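Read off the chains here:
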Number of protein chains: 2
Amino acid sequence: MTDTNCSVGIVAAQDAAFDAPLPLASGAALPGYQLRFETYGELNADKSNAILICHALSGHHHVAGRHHADDKAVGWWDNMIGPGKPIDTRRFFVVGVNNLGGCHGSTGPSSVNPATGQPWGSAFPVVTVPDWVTSQARLADRLGIDRWAAVIGGSLGGMQALHWSIAYPQRVAHALVIASAPKLSAQNIAFNDVARQAILTDPEFHGGDFYQQNAIPRRGLRLARMLGHITYLSDDGMGEKFGRMLRSGEYRFGYDVEFEIESYLRYQGDKFSDYFDANTYLLMTKALDYFDPAKDCNDDLTAALKPAQAQFLVASFTSDWRFSPERSRETVKALIAAGKRVSYAEIESAHGHDAFLMTDQPYVDLMRAYLDRVAKEANA
Amino acid sequence: MTDTNCSVGIVAAQDAAFDAPLPLASGAALPGYQLRFETYGELNADKSNAILICHALSGHHHVAGRHHADDKAVGWWDNMIGPGKPIDTRRFFVVGVNNLGGCHGSTGPSSVNPATGQPWGSAFPVVTVPDWVTSQARLADRLGIDRWAAVIGGSLGGMQALHWSIAYPQRVAHALVIASAPKLSAQNIAFNDVARQAILTDPEFHGGDFYQQNAIPRRGLRLARMLGHITYLSDDGMGEKFGRMLRSGEYRFGYDVEFEIESYLRYQGDKFSDYFDANTYLLMTKALDYFDPAKDCNDDLTAALKPAQAQFLVASFTSDWRFSPERSRETVKALIAAGKRVSYAEIESAHGHDAFLMTDQPYVDLMRAYLDRVAKEANA
């Protein structure tokens, strides 16, 4: 799988079907379901070198490599995963999975509901971070992985890594919680709700059952993505990249694209609305809103983290205002108070929240050093 | 007009009609138009005690007092204006005006276009801060006011105050520029464009000519307001007021209101979409985007401010992230470099951008002290 470009090369997705119903945090249950996943590298003989990558709001199982030789796009974290990269596939067996409720192959709102023969649509149950972790644990069982050398995620993915450490203390050696938060703030929830309202009030949404209407709530999804994108970039980074640059050099006094930043956002929104499922977007934002491991411990995060046995790397980025360094420090303080082993890095970056996906050198160096330690401990 | 409640009491709006066309920055011209305004207090014999209040995005001419005895609402800056208040109507003659393009009585997109006999709608020209200032100067002429003791505004209103000082140096004794910025950042423009796209893509918008269709782009306007509101409040303030408070005490795992912040935002959005005009919203955000006095001076704000003869008070609020203190300091630095007399205050407040409308005591004290000086200089 190694090649001269440090790429995992051509990869193929796999599907795992699960017949046993999955009980959900909401009290509902998901009947038989499917998880789509990819793996890179080889599982070693004592199965100690497996790493789980958890994805964020719009991510999926295709984390590294290409699907075919002419594939223009690589997996969403290809810069971090591959032979010789920080998550080194010569040492690790890496698993990427599309979460339940997703729109990239795992069972989600656009899948057929076996009870009706129609797409799930509005009937698809709300899924939470703990639900995802349960479903991922079943996938680990299927793959024969008792214990992850590391569970790694950024943003919403970091919440999954954190929850893994609480829900399955003996199955996680290291949890890497990057650009994340132990729960959303009121402002975080507010942005999510505006995005949801954009989708829910789009006349093409049809209460979530738009598939049967041959409709797509493209306008709502586009607005949701435009708004999301603002919160992924930093004010300074956006200023440096776009500033007040005009499309035509002069004011044109109309509602067509005037400033380059408008062009960029509208393009991102259009592109996203072409491929992403509106119900999945709603579900992902809900999973973010609901995540709050301290909730069942009288809002005591330290108490919530007590069961964890993992070692932790918590990392944040200076210009991230969606989940600012302050939010990561909340996690770190609680971990320390709970007596856990935790490393914390606050990384200088102008890339805002998106920095967790980027290739800022200090970040790459940090990941490389930390994962070298993970590999050594795992005899990988 | 004074009463025991320190209110200006019952007030009535007036209309001023202007027959001469108004040439606009865009190159278009607005034919005969009307400005709706209110005044409080008495113009003194030498007409030296007049103050102009410039409104922000969703403001209007009704700045203080009530329209009738049972009026539940007071003017939008009633906490600041009245007998004994910082802008003391026993000393000052205060003028509030609804800007062109507005939806509160001045000529705007919902007014009848004399050329067609139909509402202006999409044919209403884009208006800018300089256009507004020109129209306000004509109103000043009409009222016999050669020189304002002060021009005062917050946010978009502050941009008007700043532009007054540049465009009519001899007609402004003091310019009070509060919670404002010398131009929008890329992030500011991005938020505005998401709001505009919400309106422009609402099927009920009908390209701006929804009046004739008996339609209202309520969904778009509601989203625009919800989003705007997030940027008016501070993260901390929102956290203190709403936090993660749940409507029903427990998660309900659905898309109805779950968190109190959702309820608040949706209510604000609903209320706003009941009375505000969608075309006006678009125009106001465009006026914000285009404001950039340095643009015609090779991006040299100091050069742009050279002509000003006013004294300046620039004020910002610590938790304002829409127009952060840093943005006000840009104005202050340029004013100092241009050799102007400027006072600057960075006021501690948890109220975010909205603080300019609130009654934080240090802010009230600052305004009282500064306006006492304005009054003395004006022999008011």
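Fair warning: this is a prediction, and the values are worked out from it, not measured in the lab.

### Notes on the relation of the copies chain A and chain B
Applying a rotation about an axis and a shift along it to one chain copy brings it onto the other copy.
At step 1: When chain A is brought onto chain B, the operation consists of a screw motion whose angular component is 180° and whose axial shift is 0.0 Å, with 0.0 Å RMSD remaining. Such values leave the two copies arranged in the relation of a two-fold axis.
At step 2: Most of the interface of chain A is mirrored in chain B: 100% of its interface residues are interface residues there too.

### Focus on the packing of helix α4 (residues 218-232) of chain B against helix α6 (residues 260-275) of chain B
Residue and element names in this part refer to chain B.
At step 1: Where α4 meets α6, the axes come as close as 8 Å, and the angle between the chain directions of the two elements is 130°. As summarised for this structure, α4 and α6 are arranged oblique, according to the angle between their axes. Judged by the sense of rotation from one axis to the other, the crossing of α4 with α6 is right-handed. Between α4 and α6, the residues in contact are Arg218, Leu221, Arg222, Arg225, Met226, His229 and Ile230 and Tyr264, Leu265, Arg266, Gln268, Gly269, Asp270, Phe272, Ser273 and Asp274, respectively.
At step 2: Residues that form the contact of α4 with α6 fall into these classes: 6 nonpolar, 4 polar and 6 charged.

### A look at the pattern of salt bridges
Two side chains bearing opposite charge may form a pair once their charged atoms approach each other closely.
At step 1: Here the structure, examined in full by the defined rule, presents 40 salt bridges over all chains.
At step 2: Here B:Asp202 makes a salt bridge to B:Arg219, at a shortest N to O gap of 3.7 Å. Highlighted residues: B:Asp202 in the loop between α3 (186-200) and α4 and B:Arg219 in helix α4, separated in sequence by 17 residues.
At step 3: Looking at B:Asp202, the relative accessible area reads 5%, which means it is buried.
At step 4: Assessed through its relative accessible area of 28%, B:Arg219 is described here as partly exposed.
At step 5: Shared partners join several salt bridges into a network, and the residues in it are A:Asp193, A:Arg196, A:Asp289, B:Glu262 and B:Arg266.

### Side note on the sheet that holds strand β11 (residues 150-154) of chain B
Residues and elements named next belong to chain B.
At step 1: Pairing is mixed in the open sheet, where 8 strands are placed in the order β1-β4-β8-β5-β11-β12-β13-β14. Each edge of the open sheet carries a strand with a single partner, namely β1 (14-18) and β14 (342-347). Adjacent strand axes in the sheet meet at a mean angle of 20°, parallel and antiparallel pairs treated alike.
At step 2: Where strand β13 (residues 311-317) and β14 come together, 6 bridges link them in parallel fashion. Within β14, the position partnered with Leu313 by the bridge is Ser343.
At step 3: The strands touched by helix α2 (residues 156-167) are β5 (50-54), β11, β12 (174-178) and β13; relative to β11, the strand with the most contacts, the crossing angle is about 150°.
At step 4: Most of the contacts of helix α10 (residues 361-377) go to β13, to which it runs at about 175°, and overall it touches β5, β11, β12, β13 and β14.

### As for the interface of chain A and chain B
Often, the extent of an interface is quoted as the loss of accessible area upon association of its parts.
At step 1: Taken together, the contacts link 55 residues of chain A with 55 residues of chain B.
At step 2: Three residues, A:Arg244, A:Phe253 and A:Tyr255, lead the burial of chain A against chain B; their summed loss comes to 17% of the area buried on that side.
At step 3: Summed over the shared surface of chain A and chain B, the number is 8 salt bridges.
At step 4: Linking B:Arg196 and A:Glu262 is a salt bridge whose minimum nitrogen-to-oxygen distance equals 2.7 Å.
At step 5: Put simply, chain A and chain B have 26 residue pairs in polar contact (both at pLDDT 80 or more) between them.
At step 6: For the side of chain A that touches chain B, the secondary-structure elements that each account for two or more residues are α3 (186-200), α4 (218-232), α5 (235-241), α6 (260-275) and α7 (278-290) of chain A.

### Details of unusual backbone geometry
At step 1: One non-glycine residue, A:Ser155, lies in positive phi territory at about 60°.
At step 2: Topologically, A:Ser155 is positioned in the loop between β11 (150-154) and α2 (156-167).
At step 3: Judged by its relative accessible area of 6%, A:Ser155 is buried.
At step 4: Positive phi outside glycine occurs at B:Lys47, with the angle close to 50°.
At step 5: Counting through the fold element by element, B:Lys47 comes out in the loop between β4 (33-40) and β5.

### What about the side chain of A:Thr231?
Residues and elements named next belong to chain A.
At step 1: Position of Thr231 relative to the elements: it lies in helix α4.
At step 2: Its relative accessible area of 2% is what places Thr231 among the buried residues.
At step 3: Within polar-contact distance, the side chain of Thr231 engages the side chain of Arg322 at 2.6 Å.
At step 4: In this structure Thr231 touches Phe191, Trp321, Arg322 and His353, once residues within four positions along its chain are discounted.

### Comments concerning α4(B)
At step 1: With 15 residues, α4(B) extends 21 Å between its outermost C-alpha atoms, agreeing within 8% with the 21 Å of an ideal straight helix rising 1.5 Å per residue.
At step 2: In terms of burial, α4(B) is a largely internal element, 13 of the 15 residues being buried.

### Overview of the pairing of strand β12 (residues 174-178) of chain A
All names here are of chain A.
At step 1: Of all 5 residues in β12, 5 are buried; the element is thus mostly enclosed.
At step 2: Residues His174, Leu176 and Ile178 line one face of β12 and the alternating positions Ala175 and Val177 line the opposite face, and both faces are buried.
At step 3: Inspection of the sheet shows β11 paired to β12 by 4 bridges, in the parallel sense. For Ile152, the partnering residue across the bridge sits in β12 and is Leu176.
At step 4: Relative to strand β13 (residues 311-317), β12 runs parallel, the two sharing 5 bridges. Its bridge partner being in β13, Val177 is matched across the sheet by Val314.

### What about the side chain of A:Gln197?
At step 1: Summarising the element assignment, A:Gln197 is placed in helix α3.
At step 2: Residue classification places A:Gln197 among the buried positions, given a relative accessible area of 5%.
At step 3: For A:Gln197, the side chain forms a polar contact with the side chain of B:Arg222, separated by 3.0 Å.
At step 4: The contacts of A:Gln197, once residues within four sequence positions are left out, are B:Arg222, B:Leu223, B:Met226 and B:Arg266.

### Digging into the sheet that holds strand β5 (residues 50-54) of chain A
All names here are of chain A.
At step 1: The strand order across the open sheet formed by 8 strands is β1-β4-β8-β5-β11-β12-β13-β14, and the pairing between neighbours is mixed. Taken across any chain shown, the strands that pair with only one partner, and hence form the sheet edges, are β1 (14-18) and β14 (342-347). Ignoring which end each strand starts from, the neighbouring axes of this sheet average 20° apart.
At step 2: Pairing between β1 and strand β4 (residues 33-40): 5 bridges, direction antiparallel.

### Remarks on the environment of A:Leu100
Residues and elements named next belong to chain A.
At step 1: For Leu100, the position within the fold is in the loop between β8 (93-97) and β9 (112-113).
At step 2: Look at Leu100 and you get buried, because its relative accessible area is 0%.
At step 3: Residues Leu100 and Ser135 lie 35 residues apart in sequence; the distance between their C-alpha atoms is 7.9 Å.
At step 4: The residues contacting Leu100, other than those within four sequence positions of it, are Leu22, Leu30, Tyr33, Gln34, Leu35, Thr107, Val127, Trp132, Ser135 and Met284.

### Topic: the confidence of the model for chain A
Reading predicted coordinates in detail is not appropriate for stretches of low pLDDT.
At step 1: Considering every residue of chain A, the mean pLDDT works out to 97; 99% of them sit at 70 or more.
At step 2: Across the interface, the model reports ipTM at 0.96; the global pTM reads 0.97.

### Quick notes on the pairing of β4(B)
All names here are of chain B.
At step 1: Burial runs high along β4: 6 of the 8 residues are buried.
At step 2: Alignment of β4 against strand β8 (residues 93-97), held across 4 bridges, turns out to be antiparallel. The residue bridging Glu38 from the neighbouring strand is Gly96, located in β8.

Calculation notes
- Residues numbered from 1 in each chain as written.
- Chains lettered and ligands numbered in written order.
- Predicted model: local features only at pLDDT ≥ 70, side-chain atom pairs only at ≥ 80, totals over all residues.
- Heavy atoms only, no water.
- Least-squares fit on C-alpha atoms with pLDDT ≥ 70 in both.
- Contact = heavy atoms within 4.5 Å.
- Axes fitted to C-alpha atoms, helices over the stretch in contact; angles between N-to-C directions.
- Helix = DSSP H or I, 4+ residues; strand = E, 2+ residues; numbered from the N terminus.
- Parallel < 35°, antiparallel > 145°, perpendicular 65-115°, else oblique.
- Left-handed = near helix turned anticlockwise from the far one by under 90°.
- Nonpolar A, V, L, I, M, F, W, Y, C, P; charged D, E, K, R; others polar.
- Salt bridge = Lys/Arg side-chain N within 4 Å of Asp/Glu carboxyl O.
- Buried < 20%, exposed > 50% of the residue type's maximum accessible area, 1.4 Å probe, protein only.
- Pairing = 2+ DSSP bridges.
- Buried area = accessible area lost by both parts, 1.4 Å probe.
- Polar contact = N/O pair within 3.5 Å; in protein donor to acceptor, adjacent residues only side chain to side chain.
- Expected span 1.5 Å × (residues − 1).
- pLDDT = per-residue confidence, 0-100.

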